[in-house]
Amino acid sequence: MLELTELRWQAIYTNDISSDGMFFYAVKTTGIFCRPSCKSKPPNRANVDIFPDAKAAQAADYRPCKRCKPTGQTLPNEEWITQITNYIHHHFTEEITLAKLADIAHGSPYHLHRTFKRVNGITPAAYIHQLRIDRAKAKLIETNSTVSEIGEAVGLANTPYFITLFKRLTGYTPAHYRQLHTKEVK
Ligand SMILES: [Zn+2]
């Protein structure tokens, strides 16, 4: 679920069509979810849940609105970002820069950064970092590879940087994390 920011609330309140595809809003009291542009009566702000896509809203047991048909079509921005996200999942072990992503996705780095963040709720760089660190965590527990080997395997070949980033996102150094999570096994 995404946060109900002031910007998103304004988009809902003003039926802002340019926000369609960026998020969906659901209303707890009705159990229905809508596109931001839906012309239905503005909901009570306290009852609104925000979702990044229609699938997530449906997974939370909300039904699509009959008026704005939020599941009716895949919107271009969503589809575009899905493709980019898939690319990241297949290539995160390589070097990925915003410029390279923008090149592959045929968009400007600025537009990509902004749209990615609106769709996924996180910047491309933060998304890639999180993905890499999640994989590193699994490898620290499941393999006997060294910290630098694991860093390299997840696209962070610069070991000091890998350790710094790991610590920033998890609160532990990779070695400490491994120690904490493999103690029982040994
Ligand atoms: Zn609606």
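Above this note sits the structure.
Residues numbered from 1 in each chain as written. Predicted model: local features only at pLDDT ≥ 70, side-chain atom pairs only at ≥ 80, totals over all residues. Heavy atoms only, no water.

1. Concerning the pattern of salt bridges
A complete count under the given rule lists three salt bridges for this structure. Measuring nitrogen to oxygen at the nearest pair gives 3.0 Å for the salt bridge that ties Arg45 to Glu6. Here Arg45, found in the loop between strand 2 (32-34) and strand 3 (48-51), pairs with Glu6, found in helix 1 (residues 6-13); they are 39 residues apart in sequence, far enough to count as distant. Lys137 is paired through a salt bridge with Asp134; the nearest N and O atoms lie 3.9 Å apart. (Salt bridge = Lys/Arg side-chain N within 4 Å of Asp/Glu carboxyl O. Helix = DSSP H or I, 4+ residues; strand = E, 2+ residues; numbered from the N terminus.)

2. Overview of the pairing of strand 1 (residues 24-27)
Of the two faces of strand 1, both are covered, the one formed by Phe24 and Ala26 as well as the one formed by Tyr25 and Val27. Taken together, the four bridges between strand 1 and strand 3 define a ladder with antiparallel strand orientation. Bridged to Phe24 within strand 3 is Phe51. Two strands pair when backbone bridges link them, and strand 1 and strand 2 are joined in this way by three bridges, in the antiparallel orientation. Its bridge partner lying in strand 2, Tyr25 is registered against Cys34. (Buried < 20%, exposed > 50% of the residue type's maximum accessible area, 1.4 Å probe, protein only. Pairing = 2+ DSSP bridges.)

3. Considering the sheet that holds strand 3
Pairing is mixed in the open sheet, where four strands are placed in the order 3-1-2-4. Of all the strands in the sheet, just strand 3 and strand 4 (63-64) have a single pairing partner and so form its edges.

4. Comments concerning the coordination of the zinc ion
In the first shell of the zinc ion, the protein supplies Cys34 (SG), Cys38 (SG), Cys65 (SG) and Cys68 (SG), at 2.2 to 2.4 Å from the metal. Each of the four donor atoms around the zinc ion contributes to a set of angles spanning 104 to 121 degrees, which defines the coordination as tetrahedral. Between the donor residues of the zinc ion, the gaps in sequence give the motif C-x3-C-x26-C-x2-C. Placement of Cys38 in the loop between strand 2 and strand 3 and of Cys65 in the loop between strand 4 and helix 3 (76-91) is noted, with a sequence separation of 27 residues between them. On the basis of relative accessible area, Cys38 is assigned to the buried category, the value being 1%. (Donors = N, O, S within 2.8 Å, 3.2 Å for Na, K, Ca; no water. Tetrahedral: all angles 85-135°; square planar, octahedral: opposite > 155°, others 65-115°.)

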